[in-house]
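# Notes for the structure review
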Amino acid sequence: MEERIDVLRKIQIALSLEIVNEDLFKKPLTKISGVDLAFTRQEAIIASVIVSYPSLDDLEVKTLVTELNFPYVPTLLCFREGPAIVKMINSLRSKVDVFMINSHGIAHPFICGCASYVGVLTQKPTIGVASSNLCSKYDYKPQEEGKALPVYYEGRTVGWILKSKAKSRPIFVSPGHLVGLDSSLRITKECLRDHKLPEPLFRAHRLANEEKNRIL
DNA sequence: GCGACAG
DNA sequence: ATCTTGTCGC
């Protein structure tokens, strides 16, 4: 069992070497997809909401149901959710410029959060947005709405802690793949409206749960 | 050794 | 994440 984890660690480290944190997404940016999952006993409902950028109008919504085969293990989330997200991305008809994934990107102990994992496997630009911290260090939390402070891991900047909504806990943003550090924050901020999470993710989260309740 | 630990 | 009622606050 420990050997099993060792193999997965090596995969993460190998994938981390493939990550490119430069702005190689299409410009001007016109389509962003938020991807999130909801769970039932033995399956996952995965939702993608593609919105126009920067107007954020819904362009295409889609859900898929898939089986889960890997448990949730902190730092190994990509092996649980990654395959389903890749399946969703590969099934979309619209050409999406950047994917926002509900997870961390490079702000990960092995530099391989689920957003980075998905980006490398699909070679699509990705940004990771999480509601809580995993391994980053930061000096203090931003207090003013809209403000962000860098977060570090082993001495280098790997993302941001962003006060996305006045009376909510801050969120954690980190580039996944084919997106730079600054752009990951800028794009995320441009997608903020009335919720703590950026619109693509807020809508994908809501859609996944609506679909889950519908099929139950 | 102990605690912490995305979803 | 999920299982769950009411409840406090914007």
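A few points on the structure. Nothing here was measured: the structure is a model prediction, and the numbers come from that model.

## Re the nonpolar core
Ranked by internal contacts, the top residues of the largest apolar core, which has 36 residues, are Ile46, Phe79, Ile85, Phe99, Tyr117 and Val118. Of all the secondary-structure elements, those providing two or more residues to this core are α1 (2-16), β1 (31-39), β2 (43-52), α2 (77-91), β4 (98-101), α3 (114-122), β6 (148-153) and β7 (156-162). Counting residues per element, this core draws most heavily on α2, at 7 residues. Discounting chain neighbours no more than four positions away, the residues touching isoleucine 85 are Val35, Leu37, Ile46, Ile101, Cys114 and Val118. Grouped together as the second largest cluster of nonpolar side chains are 27 residues, Val98, Leu162, Leu185 and Ile187 included.

## Here we look at unusual backbone geometry
In terms of backbone geometry, most residues other than glycine have negative phi values and most peptide bonds are trans. Here the bond from lysine 27 into proline 28 is cis, since omega is 5°, no more than 30 degrees from zero. Position of proline 28 relative to the elements: it lies in the loop between α1 and β1. Looking along the chain, the bond that leaves tyrosine 53 and enters proline 54 is cis, with omega of 5°. Mapped onto the elements, proline 54 comes out in the loop between β2 and β3 (58-67). Located in the positive-phi region is leucine 56, a residue other than glycine, with phi close to 60°. Its place among the elements puts leucine 56 in the loop between β2 and β3. The class for leucine 56 is buried, based on a relative accessible area of 4%.

## Let's talk about the pairing of β2
Most of β2 is tucked away, with 9 of its 10 residues classed as buried. Of the pairings in the sheet, the one linking β1 to β2 comprises 9 bridges and is antiparallel in character. If you follow serine 33 over to β2, its bridge partner there is isoleucine 50. Linkage of β1 to β2, two consecutive antiparallel strands, is achieved through a turn of 3 residues.

What counts and how
Residues numbered from 1 in each chain as written. Chains lettered and ligands numbered in written order. Predicted model: local features only at pLDDT ≥ 70, side-chain atom pairs only at ≥ 80, totals over all residues. Heavy atoms only, no water. Core = buried A, V, L, I, M, F, W, Y, C linked by side-chain atoms within 4.5 Å. Buried < 20%, exposed > 50% of the residue type's maximum accessible area, 1.4 Å probe, protein only. Helix = DSSP H or I, 4+ residues; strand = E, 2+ residues; numbered from the N terminus. Contact = heavy atoms within 4.5 Å. Pairing = 2+ DSSP bridges.

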